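# Chain and residue survey
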Amino acid sequence: MNASKPIAVATTDNAQSQAAVRWAARRAERLKLPLVILYVVDDRWVTEPIPWANNLLKLGEQLLENTARRVRADHQVEVTTKLLEGGVAGKLGQYSSEASLLVVGSGSVHLGGSLTDRALQIAATADCPVAVIGPQEIGERRGVVVGVDGSEEAIQAVAFAAAEADRDAQELVVVYALHTPNHLLDEGLLPRTLTQSLEEEERVVLSETVSGIGQDYPDLAVRKVLETDREPAAALLHAAANAALLVVGSRGRGGFRRLLLGSTAHAVLHHLPCPTVVTPLHSIKHLD
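Bear in mind the structure is a predicted one, so any value in this text is a computation, not a measurement.

This brings us to helix 5 (residues 152–167). In this model helix 5 runs 23 Å from its N-terminal to its C-terminal C-alpha over 16 residues, within 8% of the 22 Å that 1.5 Å per residue would give. Along helix 5, the residues that are buried comprise Glu 153, Ala 154, Ala 157, Val 158, Ala 159, Phe 160, Ala 161, Ala 162, Ala 163, Glu 164 and Ala 165. Following helix 5 by one or two positions, Ala 169 adopts a phi angle in the positive range, close to 55 degrees.

Another point: the confidence of the model for the chain. Residues shown with low pLDDT carry predicted positions that ought not to be read at fine detail. The predicted model of the chain has a mean per-residue pLDDT of 81, with 77% of residues at 70 or higher. Mean pLDDT per element in the chain: helix 6 (residues 182–186) is the minimum at 50, and strand 1 (residues 7–10) is the maximum at 96. Here residues 283–288 is modelled with pLDDT under 50, and outside its nearest four sequence neighbours on either side it reaches 19 contacts, counting other chains as well.

Before going further, it helps to examine the side chain of Thr 67. Summarising the element assignment, Thr 67 is placed in helix 2 (residues 53–74). At a separation of 2.8 Å, a polar atom in the side chain of Thr 67 contacts the main-chain carbonyl oxygen of Leu 63. Non-local contacts of Thr 67, meaning those with residues more than four positions away in its chain, are made with Thr 11, Gln 18, Val 21 and Ile 37.

Let's shift gears to the packing of helix 1 (residues 15–31) against helix 5. Running from amino to carboxyl end, helix 1 crosses helix 5 at an angle of 75 degrees, the nearest separation of the two axes being 13 Å. The angle between the axes of helix 1 and helix 5 places the two elements in the roughly perpendicular class. On helix 5, the residues touching Arg 27, Arg 30 and Leu 31 of helix 1 are Phe 160, Glu 164 and Arg 167. Of the residues assigned to the contact of helix 1 with helix 5, the class counts are two nonpolar, no polar and four charged.

This part is about the sheet that holds strand 1. One open sheet accounts for 10 strands, arranged 3-2-1-4-5-10-9-6-7-8; its pairing is mixed. Strands with a single pairing partner mark the edges of an open sheet, and in this sheet they are strand 3 (79–85) and strand 8 (222–227). The mean inter-strand angle of the sheet, taken between neighbouring strand axes irrespective of direction, is 20 degrees. Sheet topology places strand 2 (residues 35–41) next to strand 3; seven bridges connect them, and they run parallel. Bridge pairing in strand 3 places Tyr 39 opposite Leu 83. Relative to the sheet, helix 1 contacts strand 1, strand 2, strand 4 (101–105), strand 5 (130–133) and strand 9 (245–249), its axis offset from that of strand 4 by approximately 150 degrees. Where helix 4 (residues 118–125) meets the sheet, it contacts strand 4, strand 5 and strand 10 (276–279), and its direction lies at approximately 165 degrees from that of strand 4.

Here Glu 164 lies in helix 5. Relative accessible area serves as the criterion here: at 4%, Glu 164 is assigned to the buried category. Polar side-chain contacts of Glu 164 include one of 3.2 Å to the side chain of Arg 167.

Moving on to the packing of helix 9 (residues 232–239) against helix 10 (residues 263–270). Interaxial distance between helix 9 and helix 10 falls to 9 Å at its minimum, and their mutual angle equals 40 degrees. By the angle between their directions, the pair helix 9 and helix 10 is classed as oblique. Between helix 9 and helix 10 lies a crossing of right-handed hand. Where helix 9 abuts helix 10, its residues Pro 232, Ala 233, Leu 236 and Leu 237 lie against Thr 264, Ala 267 and Val 268.

Another point: the pairing of strand 6 (residues 144–147). Neither face of strand 6 is exposed, since Val 144 and Val 146 on one face and Val 145 and Gly 147 on the opposite face are all buried. Pairing of strand 6 with strand 7 (residues 172–177), which is carried by four bridges, proceeds in the parallel orientation. Residue Val 146 lies in a different strand from strand 7, and its bridge partner there is Val 174. In this region the chain leaves strand 6, passes through helix 5 and returns to the parallel neighbour strand 7; the handedness of that crossover is right-handed.

Turning our attention to the environment of Val 277. Following the sequence through the fold, Val 277 ends up in strand 10. Separated by 146 residues in sequence, Val 277 and Ala 131 have C-alpha atoms that sit 4.2 Å apart. Contact partners of Val 277, with chain neighbours within four places excluded, come to Pro 129, Val 130, Ala 131, Phe 160, Leu 245, Leu 246, Val 247 and Val 248.

Reading the values: the criteria
- Residues numbered from 1 in each chain as written.
- Predicted model: local features only at pLDDT ≥ 70, side-chain atom pairs only at ≥ 80, totals over all residues.
- Heavy atoms only, no water.
- Helix = DSSP H or I, 4+ residues; strand = E, 2+ residues; numbered from the N terminus.
- Expected span 1.5 Å × (residues − 1).
- Buried < 20%, exposed > 50% of the residue type's maximum accessible area, 1.4 Å probe, protein only.
- pLDDT = per-residue confidence, 0-100.
- Contact = heavy atoms within 4.5 Å.
- Polar contact = N/O pair within 3.5 Å; in protein donor to acceptor, adjacent residues only side chain to side chain.
- Axes fitted to C-alpha atoms, helices over the stretch in contact; angles between N-to-C directions.
- Parallel < 35°, antiparallel > 145°, perpendicular 65-115°, else oblique.
- Nonpolar A, V, L, I, M, F, W, Y, C, P; charged D, E, K, R; others polar.
- Pairing = 2+ DSSP bridges.
- Left-handed = near helix turned anticlockwise from the far one by under 90°.
- Right-handed = clockwise from strand over helix to strand, strands pointing away.

In structure tokens:
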């Protein structure tokens, strides 16, 4: 992670956002990085000045002040605040270029489906890695899980996850899901020898994906998992059920390049199993 940039966390008055603030504050304190607390006044639908617009700004400033006060009381960390105006996802996406990590609460799924969820929109557009924090208790969780598929995004997600696991002396679990259509096997449409050959090829991909970890982190415990019974998202949700952190790339080998957030990352954030970091391809940096 770029030590010259702060950790940024977006807050509102809901429980998920407050959990995100606590998670970000602990991380900033541990890494000795500044923390910036953000609040966005959503004025997308305001076409002209209205009497209560200033009240929204004042309420936002008060929320930031109260949140910063709590963080300073509980953590030894440099805290600043910033009030933004505009569309929430768009403004946070823009601000992400000034942060080493952007932390947001998981929010809630809006009527109409998870594509409208702001956490998903933010993760899809941010320039830096985005941590999405849910309501789960963190204390007893152990291990860092990362999903891979041989893509460049996955390789860089592994770099981020390995640095995380090594810093906290946790096991790194590298999960590659290769879902075999069993009905084709059962009906004799797909030879078992071909399936076995495919699995062996993907084991090579999995090994190559983690090949450089031992050199960079010689003391890191790494467990490779080739999952053949679950789809990628289901495999990650299962592996990360008790993990301290899950890391996924923003897109994968099988995704359309025009889509900003891959289907696996989208599904994982929709069913958030633990604190989850989405790493964009163009801005991954190793932790110091």
